[in-house]
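Below are the chains, spelled out letter by letter.
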Amino acid sequence: MVGCDVLRRPRRVPADLIPVFQAAAAAYGGGLTPVQLAAQARVESKFNPRAVSHAGAQGIMQFLPSTWQEVGLDGNHDGRADPMDPQDAIPSAARYEARLASLVSGLPGDRISLILAAYNAGPDTVRAAGGIPDIGETRHYVAKVHSWAGTYAGQL
């Protein structure tokens, strides 16, 4: 059948992004590992740096403009912090998640799952719920990131 090989291809992290995920995780330890950051990018945008959601989230890591204003970095030092540039967005996400880790510390549950839930639903929502909120989208998001992290475990 034509096109079936597409479905059988191994799912891989884009090679040019591997060092970006690795450097971001190393620079902002306390958040996610390189594998988890890559899995998050897969879930957020399927690695599409030009993705824009119906809610207005932008880029590979799907930052809302208000969040980007608060946490966006000029990761590639080109004089411009751009959520559509993976070199900026990935380290910005790693730095933001290190902050989220401290905001959700002390809550019951898996630390990484709490960070992911805070990224998806917001740290105030996670804190108000006393852990991962009972929001279907957020629970599904956390599960998908964990699943993709398993897929990418040997790549980074």
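Quick note: structure is the one above.
Asks: I would appreciate a short explanation of the overall build of the protein chain in the present structure.
Replies: Helix and strand content of the protein chain: eight helices and zero strands. Taken from N to C terminus, the helices and strands of the protein chain fall in the order α-α-α-α-α-α-α-α. For 156 residues, the compact-globule estimate of 2.2 N^0.38 gives 15 Å, and the protein chain sits close to it at 15 Å. Out of the 156 residues in the protein chain, the part that is buried amounts to 46%. Split by element, the accessible area of the protein chain, about 7,900 Å² in all, is 52% carbon and sulfur. Charge separation in the protein chain, taken as the distance between the mean sites of 14 positive and 14 negative side-chain charges, equals 7 Å.

Asks: How do you make sense of the packing of aromatic side chains when you look at a structure like this?
Replies: Summed over all chains, the structure comprises six aromatic pairs. Plain terms: the ring middles of F21 and F47 are 6.4 Å apart, the flat faces sit at 65° to each other, and that makes the pair edge-to-face. Of this pair, F21 sits in helix α2 (residues 18-27) while F47 is found in the loop between α3 (34-45) and α4 (65-71), placing the two residues 26 residues apart along the sequence. For F21, a relative accessible area of 0% corresponds to the buried category. Here F47 and Y152 contribute two aromatic rings whose centre-to-centre distance is 6.0 Å and whose plane-to-plane angle is 50°, an arrangement assigned as tilted. Taken together, the positions of F47 in the loop between α3 and α4 and Y152 in helix α8 (residues 136-152) put the pair 105 residues apart, joining distant regions of the chain.

Asks: Mind showing me how you'd approach the layout of surface pockets here?
Replies: If a probe the size of a water molecule is rolled over the atoms, the empty space left behind becomes visible. Counted as a void, the largest pocket has a volume near 610 Å³. Lining of the largest pocket is provided by 20 residues; of these, E44, A57, Q62, N120 and E137 occupy positions nearest its centre. Elements with a contribution of two residues or more to the lining of the largest pocket: α3, α6 (111-121) and α8. Counted by class, the lining of the largest pocket contains 10 nonpolar, seven polar and three charged residues.

Asks: Is there a simple way to think about the pattern of salt bridges in this case?
Replies: Side-chain pairing between opposite charges can occur once the charged atoms of the two side chains come close. For the structure on display, the rule yields four salt bridges. In this structure, D124 and R127 form a salt bridge, with 2.7 Å as the shortest nitrogen-oxygen distance. Taken together, the residues span about one helical turn, with D124 and R127 both in helix α7 (residues 123-129) at a distance of three residues.

Asks: What exactly am I supposed to notice about α2 here?
Replies: Helical geometry note: an α-helix holds 3.6 residues per turn, so side chains three or four residues apart project in the same direction. All of the buried residues along α2 are I18, V20, F21, A24 and A25. The arc that holds the buried residues of α2, viewed along the axis, is 165°, so those residues lie on one side. Across α2 from its buried face, at more than 90 degrees, point the exposed residues A26 and A27. Where the residues of α2 are buried, they touch α3 and α5 (86-104).

Asks: Help me out: how do you make sense of unusual backbone geometry in this one?
Replies: If a residue is not glycine, its phi is most likely negative; likewise, a peptide bond is most likely trans. You will see that K46, though not glycine, has its phi angle at about 55°, which is positive. The residue K46 is located in the loop between α3 and α4 in this model. One non-glycine residue, Q62, lies in positive phi territory at about 55°. If you trace the backbone, Q62 turns up in the loop between α3 and α4.

Calculation notes
Residues numbered from 1 in each chain as written. Predicted model: local features only at pLDDT ≥ 70, side-chain atom pairs only at ≥ 80, totals over all residues. Heavy atoms only, no water. Helix = DSSP H or I, 4+ residues; strand = E, 2+ residues; numbered from the N terminus. Rg over C-alpha atoms; globule rule 2.2 N^0.38 Å. Buried < 20%, exposed > 50% of the residue type's maximum accessible area, 1.4 Å probe, protein only. Areas by Shrake-Rupley, 256 points an atom, 1.4 Å probe, with all protein chains shown as cover. Lys, Arg positive; Asp, Glu negative; His and termini not counted. Charge placed at Lys NZ, Arg CZ, Asp CG, Glu CD. Phe/Tyr/Trp six-rings, centres within 6.5 Å; stacked < 30°, edge-to-face > 60°. 1 Å grid on protein atoms, 1.4 Å probe; cavity = no way out; pocket = protein on both sides within 12 Å on 5 of 7 lines; lining within 4 Å. Points joined across faces, edges and corners; volume = space filled by probe spheres on them. Nonpolar A, V, L, I, M, F, W, Y, C, P; charged D, E, K, R; others polar. Salt bridge = Lys/Arg side-chain N within 4 Å of Asp/Glu carboxyl O. Arc of directions from axis to C-beta. Contact = heavy atoms within 4.5 Å.

In short, the description is geometric, and any link to function would need to be established separately.
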